[in-house]
Amino acid sequence: MGSRYGGLKQLDGLGPNGETIMDYSIYDAIQAGFGKVVWVIRKDFEEQFRTQILSKYEDKIPCELCFQELDALPEGFSVPEGRVKPWGTNHAVLMGKDVIKEPFCVINCDDFYNRDAFMVIGKYLSSLPEGATGRYAMVGFRVGNTLSENGTVARGICSKDAEGNLTTVVERTEIMRVDGKVSYKDEQGQWVAIEDETPVSMNVWGFTPDYFEHSEAYFKEFLSDPKNMENLKAEFFIPLMVNKLINEGTATVQVLDTTSKWFGVTYAADREATVERIQKLIDEGVYPNKLF
């Protein structure tokens, strides 16, 4: 549920025939050569999801449905009393471990990534040698291409080494243009200007199936930390897992550049602009009027 958006934005029809943002992502992924779609959803809207979403893909691409439930925990662990918030993005990824046996890409359902992002990550994953492990990737969007006109956005600002591998992701919760410059608010409340081309994580990750083993092991560590059990909003995020693997030297994460311009519906006021941008892409011939 999008708290700032005021509704279930993943299922909001924004295209001319009621297409959702993820319909466009799946269309782009198919164009980029992906061969299967796995959704991770809440069990309580399975029926609506099957009727509204899954039915249209049945003859287009193989599909799997997984559920992120609060009590989907390793043996020996239980949900702390009073916790209602899901366990975070990497817990969601873990839900796919039984149905994903090949290199895979992780995305958010409510972000419009544009096709180049899928082409870039698809090319990387398909070029990996058979059985490759620990050679992950992320699409680094240029921060200037990811802002909202209706308020600040949260982004993971990325640093990389000389080989183009990710070294750190620092989450900045307030980013916007200040005096014409992309800037983030630091810990002291000061605005710090950064270049428009600075790569940021928009949660487009590329992994191989060994990632699940690392995630299962680290999730147990996460749950064993008393502060994560006492904090009823603590979450097991993908960048948390990725940072650990990088720091240990277990994996590398190639930062892939994209020319894609992200847009999305963080705020209710973003909806109208998103509808207009989708229509513009249709008018330009990027997408057909009716996707599926």
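Residues numbered from 1 in each chain as written. Predicted model: local features only at pLDDT ≥ 70, side-chain atom pairs only at ≥ 80, totals over all residues. Heavy atoms only, no water.

1. Section: the packing of aromatic side chains
Aromatic ring pairs are defined here through the distance separating the ring centres and the angle between the ring planes. Threshold: Only rings of Phe, Tyr and Trp enter the pairing, Trp through its six-membered ring, and a pair is recorded when the two centres are within 6.5 Å. The plane angle decides the type: under 30 degrees is stacked, over 60 is edge-to-face, the rest tilted. Strands are runs of DSSP state E lasting at least 2 residues, helices are runs of H or I lasting at least 4, and numbering of each runs from the N terminus. Here's how the labels work: a residue is buried when its accessible area is under 20% of the maximum for its type, exposed when over 50%, partly exposed in between, all with a 1.4 Å probe on protein chains only.
This model, assessed by the stated rule, comprises 23 aromatic pairs. Ring geometry for Tyr24 versus Phe112: centroids 5.5 Å apart, planes at 35 degrees, classification tilted. Taken as a pair, Tyr24 in helix H1 (residues 21-31) and Phe112 in strand S4 (residues 111-112) lie far apart in primary sequence, 88 residues in all. The buried category is assigned to Tyr24, whose relative accessible area is 1%. Aromatic pair Tyr136 and Tyr211: ring centres 5.6 Å apart, planes at 85 degrees, arrangement edge-to-face. Of this pair, Tyr136 sits in strand S5 (residues 135-142) while Tyr211 sits in helix H5 (residues 210-224), placing them 75 residues apart in sequence.

2. A closer look at the confidence of the model for the protein chain
Keep this limit in mind: For every residue, the predictor reports its confidence as pLDDT, a number between 0 and 100. Between two residues, a contact is recorded if the distance between any of their heavy atoms is within 4.5 Å.
When pLDDT is averaged along the protein chain, the result is 91; 97% of the residues meet or exceed 70. When the elements of the protein chain are averaged for pLDDT, strand S12 (residues 263-264) gives the smallest value, 84, and strand S3 (residues 104-106) the largest, 98. Low pLDDT, under 50, characterises residues 1-6; the stretch is placed with 16 contacts to residues that sit more than four places away or in other chains.

3. Looking at the packing of H5 against helix H7 (residues 238-248)
What counts here: A fitted line through C-alpha atoms represents every axis, and for helices the fit uses only the stretch in contact; the resulting angles, taken between N-to-C directions, go from 0 to 180 degrees. Throughout this description, any angle smaller than 35 degrees is read as roughly parallel, any larger than 145 degrees as roughly antiparallel, any in the 65 to 115 degree range as roughly perpendicular, and the remainder as oblique. Classes in brief: Ala, Val, Leu, Ile, Met, Phe, Trp, Tyr, Cys and Pro nonpolar; Asp, Glu, Lys and Arg charged; the others, Gly included, polar.
It is at 11 Å that the axes of H5 and H7 come closest, and there the two elements cross at 105 degrees. Viewed along their axes, H5 and H7 adopt a mutual orientation that is roughly perpendicular. Where H5 approaches H7, its residues Tyr211, His214, Ser215, Tyr218, Glu221 and Phe222 are matched on the opposing element by Ile238, Leu240, Met241, Val242, Lys244 and Leu245. Looking at the contact of H5 with H7, its residues break down into eight nonpolar, two polar and two charged.

4. Describing the nonpolar core
Heads up, the condition is: We define a nonpolar core as any set of buried Ala, Val, Leu, Ile, Met, Phe, Trp, Tyr and Cys residues linked to one another through side-chain atoms lying within 4.5 Å.
In this structure, Leu166, Trp205, Phe207, Tyr211 and Val242 are the most contacted members of the largest nonpolar core, which totals 32 residues. Secondary structure elements with two or more residues in this core: helix H3 (89-94), S3, S5, strand S7 (166-178), strand S10 (199-207), H5, H7 and strand S11 (252-257). The dominant element in this core, judged by the number of residues it contributes, is H5, at six residues. Not counting the four nearest positions on each side in its chain, Val242 is found in contact with Leu166, Trp205, Phe207, Tyr211 and Val253.

5. Quick word on the side chain of Gln68
When you line up the elements, Gln68 lands in the loop between strand S2 (63-67) and H3. Filtering out sequence-adjacent residues up to four positions away, Gln68 remains in contact with Val40, Ile41, Pro86, Trp87, Gly88, His91, Ala92 and Met95.

6. Some points on helix H4 (residues 115-126)
Operational definition: Multiply 1.5 Å by the residue count of a helix minus one, and that product is the helix's expected span.
Compared with the 16 Å implied by 1.5 Å per residue over twelve residues, the 16 Å span of H4 between its first and last C-alpha is a close match. Those residues of H4 not exposed but buried are Ala117, Phe118, Val120, Ile121, Gly122, Tyr124 and Leu125. Where H4 is buried, its residues meet H1, S3, S5, S10 and S11.

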